[in-house]
Amino acid sequence: SGEVDVKVGRPLVLEVGISENTVVIMWHFAALASSGIVCDFRVLGRRSSVCCVTVQTLKKGTVRAADGASTFTDRGMMPGVMGKLEVDKAWAGGTLQLSAHTCQDSSVAAATGYWPAMYSIGVETE
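Residues numbered from 1 in each chain as written. Predicted model: local features only at pLDDT ≥ 70, side-chain atom pairs only at ≥ 80, totals over all residues. Heavy atoms only, no water.

Before going further, it helps to examine the overall build of the chain. A tally of regular secondary structure across the chain gives one helix and 10 strands. The order of helices and strands in the chain, counted from the N terminus, is β-β-β-β-β-β-β-β-β-α-β. When burial is assessed residue by residue, the chain has 37% of its 126 residues classed as buried. Here the analysis covers contacts within the chain between residues at least 6 apart in sequence; of these, 76% occur between residues at least 24 apart. (Helix = DSSP H or I, 4+ residues; strand = E, 2+ residues; numbered from the N terminus. Buried < 20%, exposed > 50% of the residue type's maximum accessible area, 1.4 Å probe, protein only. Contact = heavy atoms within 4.5 Å.)

This part is about the pattern of salt bridges. The full count for this structure, using the stated rule, is one salt bridge. In this structure, the salt-bridge partner of Glu-126 is Lys-89, at a minimum N-O distance of 2.6 Å. Taken together, the residues span a long stretch of sequence, with Glu-126 in the segment after strand S10 (114–125) and Lys-89 in the loop between strand S8 (80–86) and strand S9 (95–102) at a distance of 37 residues. The class for Lys-89 is partly exposed, based on a relative accessible area of 48%. (Salt bridge = Lys/Arg side-chain N within 4 Å of Asp/Glu carboxyl O.)

Per-chain confidence: the chain averages 78 in pLDDT, with 71% of residues scoring 70 or above. Summarising per-element confidence for the chain, the mean pLDDT is lowest in strand S6 (residues 71–73) (52) and highest in strand S2 (residues 12–17) (91). (pLDDT = per-residue confidence, 0-100.)

On to the packing of aromatic side chains, then. A full pass over the atoms with the stated rule returns one aromatic pair. Seen in terms of ring centroids, Trp-27 and Phe-41 are 5.5 Å apart; in terms of plane orientation they differ by 55°. Their pairing is tilted. A residue pair is termed long-range when its members are at least 10 positions apart, and Trp-27 in strand S3 (residues 22–31) and Phe-41 in strand S4 (residues 37–48) qualify at 14 residues. For Trp-27, a relative accessible area of 3% puts it in the buried group. In this structure Phe-41 comes out as buried when scored by relative accessible area, which is 10%. (Phe/Tyr/Trp six-rings, centres within 6.5 Å; stacked < 30°, edge-to-face > 60°.)

The sheet built from four strands is open, its strands ordered S1-S10-S3-S8 with antiparallel pairing. Edge positions in the sheet fall to strand S1 (2–7) and S8, since each of these pairs with one other strand and no more. Neighbour to neighbour, the strand axes of the sheet diverge by 25° on average, direction disregarded. By the bridge criterion, seven bridges tie S3 to S8 in an arrangement that is antiparallel. Directly across from Ala-30, in S8, lies its bridge partner Gly-80. (Pairing = 2+ DSSP bridges. Axes fitted to C-alpha atoms, helices over the stretch in contact; angles between N-to-C directions.)

Core analysis: the biggest nonpolar cluster contains 23 residues, and Leu-12, Trp-27, Phe-29 and Leu-96 have the highest contact counts within it. When contributions to this core are tallied by element, the ones reaching two or more residues are S2, S3, S4, S8, S9 and S10. In contact with Leu-96, not counting residues within four places along its chain, are Leu-14, Glu-15, Val-16, Ile-18, Ile-25, Trp-27, Phe-41, Arg-42, Val-43 and Leu-85. (Core = buried A, V, L, I, M, F, W, Y, C linked by side-chain atoms within 4.5 Å.)

Structure follows, in structure tokens:
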């Protein structure tokens, strides 16, 4: 978990490695933005052959902020988005890529050039 200021127009991108024991990955993002936050996710896997290694998307989706998903922080109430992904055993060795971005720029972002974000990631293993 942590807090970071993200440059306007840029997403906050985090990657989580998937092991053989990974069962569930959960995430929560919050941003001080007037219209909330959206999180896109992709599960990336690698396939090796004699000549090369390729990266393929195994699963992807989008999670939008739901009503009441706000988080109280020292910067005030921040709209948030939460997600949960049950991990397929075949994804072991792959990567979950999370990309969070605001729906619109807030007055804070307009004044500073950055949007403040908080994040938390949890991994459940067997």
